[in-house]
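Summary of structural features
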Amino acid sequence: MKKIFQFTVLLFVITLFALITACSGAEKADSAAQTAPAADATVEPAQPASAQKSFNVNGSGKVVGVASQHMGNAWNKNSVQAIKDILEPYGFTVNHQDGGGSTSAQVAAVETFITQKVDYIIVSGGEGGAFNSVSVQAKNAGIPVIGVDMFLDGGITGIMCDNWSGGVQMRIYAINKMKGQGKYILLDTSGWATLLWRGKGAESVLNSFSAIKKIGATREVPAVDPVTEGYEITKAALQADPDINAVLITWNMPAIGVYNALRELNKIDQVTIISADTGDDVISAMLEPNAGDWGFMGQNSYELGTLAAESVLTHASGGVVPFAQIGTTYFVTNDDYIKGDLKTVKIQTPEDHWKEVLEPVLGSLSDYMD
């Protein structure tokens, strides 16, 4: 492996964008389906290994509508599976609708849920802003809405990872691999807020380096057949400019197309892939022999789906659901990249903050209080 050039100053920049960790990662485990209880029963089912909490909730006769944009990758599959694994043992019926890659179809599914008067709606991934109107409609109809990988106007909670910090990590990796100079292209899919933040996090770091040049405008990858689109866009860009030495992609499916293009053009050792989103496709590709250097920001969508399902259970039991919930963010590489010592944001009371940060220098807080 090549020796990795490090920019120590940038490792301090990371802390300015560090993620807010609100929960621990949940590992997926199979759960047996349970018979729905009588309508007047209080349900405390044996919890799946993934569930971290227990709720006194009877979901018999209640329907949770889940709308996902597509089921083409592990992120979407795992999020929906977690929702089913957590809610079905409590007696809830999970009505999942797959948009097949179409935002309009996904929005239409939410509209149908409102017409059907389901008890809860979960929008699992997609173009967040496209759902604000239907989210408000659902709220006005008395149906709580939960967004996964998005915040929604009218929603009771939004669940996502720290995509800004993930984007910054992607670009720190890119800068190290490029040794502070070179050319890159950026592939994105417009309309997805989480992808936008990753891209902006990238530009906030890369723009600081005069010797790093972005070739052309951001390349747009349609959500329909993104693997093929990623392949074609990358192949065309490298044929036009063979000196490109990094390709940045804001989600995983186009990254596989990028990888295929690099292998076909025998560029796998000259071009680094920097992508986002955990997936079996990405992991299996980057572990192939001679796969080249690859780093990606990852997230645990099973964890995010679990948080969505637990939000339903919390609300149904009369509890308070946090407006924002942040899942674990990861950074993964297949080379000897040396990661910085990332610091997480701490949520503290003024007293706790004084004790940890100021007391060692200024002494007791009581000495400064009137």
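Anything mentioned here points back to the structure above.
I will try to describe carefully the structure that is included in this document.

Reading guide: rules and limits
Every chain is numbered independently, its residues counted from 1 as its sequence is written. At least 70 in pLDDT is required for a residue's local features to be given in this predicted model, at least 80 for side-chain atom pairs to be given and counted, and no such filter applies to totals for whole chains, interfaces and linings, which use all residues. Each side-chain value is derived from all of the structure's non-hydrogen atoms; neither hydrogens nor water enter the calculation. Per the convention used, a helix needs a DSSP run of H or I reaching at least four residues, while a strand needs a run of E reaching at least two, with both numbered from the N terminus. Exposed residues in this analysis have more than 50% of their type's maximum accessible area, buried residues have under 20%, and partly exposed residues fall in between, with area computed by a 1.4 Å probe over protein chains only. In this analysis, two residues are considered to be in contact whenever any of their non-hydrogen atoms come within 4.5 Å of each other. Accessible surface is estimated by sampling points in the Shrake-Rupley manner with a 1.4 Å probe; for residues, cover comes only from the protein chains shown. Put simply, the grid is 1 Å and covers the protein atoms alone, a cavity is a trapped set of points that fit a 1.4 Å probe, a pocket is an open set with protein on both sides within 12 Å along at least five of seven lines, and lining residues have an atom within 4 Å of a point. Grid points are joined across faces, edges and corners, and a volume is the space filled by probe spheres set on the points. Polarity classes work like this: nonpolar for Ala, Val, Leu, Ile, Met, Phe, Trp, Tyr, Cys and Pro, charged for Asp, Glu, Lys and Arg, and polar for all others, with Gly in that last group. Between N-to-C directions, angles span 0 to 180 degrees; the directions come from axes that are lines fitted to C-alpha atoms, helices contributing only their stretch in contact. Any angle from 65 to 115 degrees is called roughly perpendicular, while one under 35 is roughly parallel, one over 145 is roughly antiparallel, and all others are oblique. The hand of a helix crossing depends on one turn: near helix anticlockwise from the far one by less than a right angle means left-handed, and clockwise means right-handed. Two strands qualify as a pair provided that DSSP identifies no fewer than 2 bridges between them. Patches here are clusters of residues that have more than 30% relative accessible area and form no salt bridge, with a 9 Å joining cutoff for like charges and a 5 Å cutoff for nonpolar side chains (Val, Leu, Ile, Met, Phe, Trp, Tyr). Should a side-chain nitrogen of Lys or Arg be within 4 Å of a carboxyl oxygen of Asp or Glu, the pair is scored as a salt bridge. In this context, the arc is that of the directions from the helix axis out to the C-beta atoms.

1. Concerning the overall build of the protein
Counting its secondary structure elements, the protein contains 11 helices and 13 strands. Taking all 370 residues of the protein together, 52% fall into the buried category. A separation of at least 24 residues holds for 75% of the contacts in the protein among residues at least 6 apart in sequence. With an accessible surface of roughly 16500 Å², the protein has 53% of that area assigned to carbon and sulfur atoms.

2. With respect to empty space enclosed by the protein
The full count for this structure, using the stated rule, is 2 cavities of 30 Å³ or more. Volume-wise, the largest cavity comes out at about 150 Å³. Forming the boundary of the largest cavity are 16 residues, of which Trp75, Asn76, Asp149, Trp192 and Asp277 lie nearest the centre. Mapped by element, the contributors of at least two residues to the lining of the largest cavity are helix H2 (74-87) and helix H6 (193-206). When residues of the lining of the largest cavity are assigned to their parent elements, the largest contribution, 3 residues, is made by H6. Partitioning the lining of the largest cavity into residue classes produces 4 nonpolar, 9 polar and 3 charged.

3. Quick notes on the packing of helix H5 (residues 163-178) against H6
A pair of packed helices can be characterised by two numbers: the angle between their axes and the separation between those axes. At a minimum axis separation of 7 Å, H5 and H6 run at an interaxial angle of 45°. By the angle class used here, H5 and H6 are oblique. Crossing of H5 over H6 shows right-handed handedness. Residue-level inspection shows Asn163, Trp164, Gly167, Val168, Arg171, Ile172 and Ile175 of H5 in contact with H6, the latter providing Thr194, Trp197, Arg198, Gly199, Lys200, Gly201, Ala202, Ser204, Val205 and Leu206. Across the contact of H5 with H6, the residue classes break down as 8 nonpolar, 6 polar and 3 charged.

4. Remarks on the sheet that holds strand E5 (residues 157-160)
The parallel open sheet is built from 6 strands, whose spatial order is E2-E1-E3-E4-E5-E12. Each of the sheet's edge strands pairs with one partner strand only, and the pair in question is strand E2 (93-98) and strand E12 (324-326). Strand-to-strand twist across the sheet, computed as the mean angle between neighbouring axes with direction ignored, equals 15°. Two elements, strand E1 (residues 63-68) and E2, share 6 bridges in a ladder whose sense is parallel. Bridge pairing in E2 links valine 63 to threonine 93.

5. Notes on the side chain of arginine 219
Position of arginine 219 among the secondary structure elements: in strand E8 (residues 219-220). If we ignore the near neighbours within four places in the chain, the residues touching arginine 219 are Ile185, Leu186, Leu187, Asp188, Ile233 and Ala237.

6. A short note on the pairing of E5
Of the two faces of E5, the one lined by Thr157 and Ile159 and the one lined by Gly158 and Met160 are each fully buried. Two strands pair when backbone bridges link them, and strand E4 (residues 145-148) and E5 are joined in this way by 3 bridges, in the parallel orientation. Residue pairing across strands places valine 148 opposite isoleucine 159, the latter belonging to E5. For E5 and E12, the ladder comprises 3 bridges, and the chain directions are parallel.

7. Topic: a nonpolar patch on the surface
The grouping of Val361, Leu362 and Tyr368 at the surface amounts to a nonpolar patch, some 320 Å² of accessible area in total. Within the secondary structure layout, valine 361 lies in helix H11 (residues 350-362). For valine 361, a relative accessible area of 69% translates into the label exposed.

8. Thoughts on the packing of H2 against helix H10 (residues 301-316)
Where H2 contacts H10, the two axes come as close as 7 Å, and the packing angle between them is 35°. Crossing handedness for the pair H2 and H10: right-handed. Along its contact with H2, which presents Ala74, Trp75, Asn78, Ser79, Gln81, Ala82, Ile83, Asp85, Ile86 and Leu87, the element H10 presents Ser301, Tyr302, Leu304, Gly305, Thr306, Ala309, Glu310, Val312 and Leu313. Of the residues belonging to the contact of H2 with H10, the class tally is 11 nonpolar, 6 polar and 2 charged.

9. Here we look at helix H4 (residues 132-140)
Considered for burial, the residues of H4 that qualify are Val134, Ser135 and Ala138. The buried residues of H4 occupy one face: seen down the axis, they fall within an arc of 105°. For H4, the exposed residues set more than 90 degrees away from the buried face come down to Lys139 and Asn140. Contact partners of the buried residues in H4: helix H3 (103-116), strand E3 (120-124) and E4. Directly beyond the C-terminal end of H4, a positive phi value near 80° is found at glycine 142.

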